[in-house]
Amino acid sequence: MARTIGSNGARTAEAIRQAGVKLIYRHGYEAMSLRQLAAEVGLQSGSLYKYFDNKQSLLFDIVREHMADLLAKAEADLAGIDDPMARLKAFSAFHLRYHMQRMAHVFIANMEIRSLDDDHRAMVVGLRRRYENLLEDTLREGAQAGVFKITEPKVATYAIISMLTGICMWYRPGGRLSQDQLVDIYTGLVVDGVTGPQGVPVKADKHRALV
């Protein structure tokens, strides 16, 4: 876990965390060395232990911070929206914008969960489930109200999140389409997928995304 430190130390810890994001995104968790990390922030390798117990605690801190931030901002964004369709559109737009702006964090959270120990992984999965529930509850309520033509809200949740998160695989700033245009396109696909005549959710990827 991250150590308790003062204000100056907090800035250093944040610099280490951001350097860790950069290096893990570029090289992968296993390939990143503490020597590389220390050099990135201008510290001696041994000085890192003033801020984090070990490499595992740094990874956990990065992934946990990402998931906690994602959840808190999603809850704030959806607050006060009761209509299932409006809530679905708001969730989709939030998820897309957040993920287009934090692609490195998303990549690490999805790909490096395997590198977390069991206790850390369980905590992250718990946060992920709370985030998924925001969408699943919306889909369930919409289906009960006859707004959405789906029979399996949980499966639809996994499918929609997988599709939306997939934008990180190819999106690059400055491309032909703006973020607003991409949000409109993806949101349209989501809405069509849950209101279509056959009520069949979009097929989910075989590898479930951590968002």
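Only a predicted model underlies this, so the values are computations on that prediction, with no experimental measurement involved.

Criteria and cut-off values
Residues numbered from 1 in each chain as written. Predicted model: local features only at pLDDT ≥ 70, side-chain atom pairs only at ≥ 80, totals over all residues. Heavy atoms only, no water. Helix = DSSP H or I, 4+ residues; strand = E, 2+ residues; numbered from the N terminus. Expected span 1.5 Å × (residues − 1). Polar contact = N/O pair within 3.5 Å; in protein donor to acceptor, adjacent residues only side chain to side chain. Buried < 20%, exposed > 50% of the residue type's maximum accessible area, 1.4 Å probe, protein only. Axes fitted to C-alpha atoms, helices over the stretch in contact; angles between N-to-C directions. Parallel < 35°, antiparallel > 145°, perpendicular 65-115°, else oblique. Left-handed = near helix turned anticlockwise from the far one by under 90°. Contact = heavy atoms within 4.5 Å. Phe/Tyr/Trp six-rings, centres within 6.5 Å; stacked < 30°, edge-to-face > 60°. Lys NZ or Arg CZ within 6 Å of the ring centre and 35° of its normal. Core = buried A, V, L, I, M, F, W, Y, C linked by side-chain atoms within 4.5 Å. Domains from an automatic or database assignment.

Visitor: Teacher, can you tell me more about helix α3 (residues 55–78) here?
Guide: Structurally, the α-helix is built with 3.6 residues per turn, so residues lying three or four positions apart point the same way. Helix length check: α3 (24 residues) gives 35 Å between terminal C-alpha atoms against 34 Å at 1.5 Å per residue, within 8%. The opening residue of α3, the one whose side-chain oxygen lies 3.2 Å from the backbone nitrogen of Q56, is N54. Note on α3: the residue one or two positions beyond its end, G80, has a positive phi of about 85 degrees.

Visitor: What am I meant to see in helix α4 (residues 84–101) here?
Guide: With 18 residues, α4 ought to run about 26 Å at 1.5 Å a step, and its terminal C-alpha atoms sit 26 Å apart, in line with that. Most of α4 sits out of view: 14 of its 18 residues are buried. By the N-cap criterion, in which a side-chain oxygen at the helix start approaches the backbone nitrogen of a residue two or three places on, α4 is capped by D83, the distance to M85 being 3.3 Å.

Visitor: Would you mind going over the packing of α3 against helix α5 (residues 103–111) with me for this structure?
Guide: Angle between the axes and distance between the axes are the two parameters that describe a pair of packed helices. At their nearest, the axes of α3 and α5 sit 9 Å apart, and the two run at 115 degrees to each other. It follows that α3 is roughly perpendicular to α5 by the angle criterion. Crossing of α3 over α5 shows left-handed handedness. Packed against α3, whose contacting residues are L59, I62, V63, E65 and H66, the element α5 presents H105, V106, I108 and A109 at the interface.

Visitor: Is there a simple way to think about the packing of aromatic side chains in this case?
Guide: Each aromatic ring pair is characterised by the separation of its centres together with the angle its planes make. Inspection of the entire model under this criterion finds three aromatic pairs. Between F94 and Y98, the aromatic rings sit 5.6 Å apart at their centres with planes inclined by 40 degrees, giving tilted as the arrangement. A residue pair is termed a helical-turn pair when its members lie 3 or 4 positions apart in one helix, as F94 and Y98 do in helix α4 at four residues. The exposure class of F94 is buried, given its relative accessible area of 11%. Above the ring of Y29, the side-chain terminus of K55 is found at 4.7 Å from the ring centroid.

Visitor: I keep staring at the nonpolar core and nothing clicks. Help me out?
Guide: One recurring pattern in soluble globular proteins is that nonpolar side chains are buried together. Membership of the largest hydrophobic core comes to 60 residues, with the highest contact counts inside it found for L37, Y131, L139 and I167. Broken down by element, the residue count for this core peaks at 10 residues, all from α3. Taken together, domain 1 (16–50) and domain 2 (56–195) each give at least three residues to this core, which thus spans both.

These results come straight from atomic positions and should not be treated as a statement about function.
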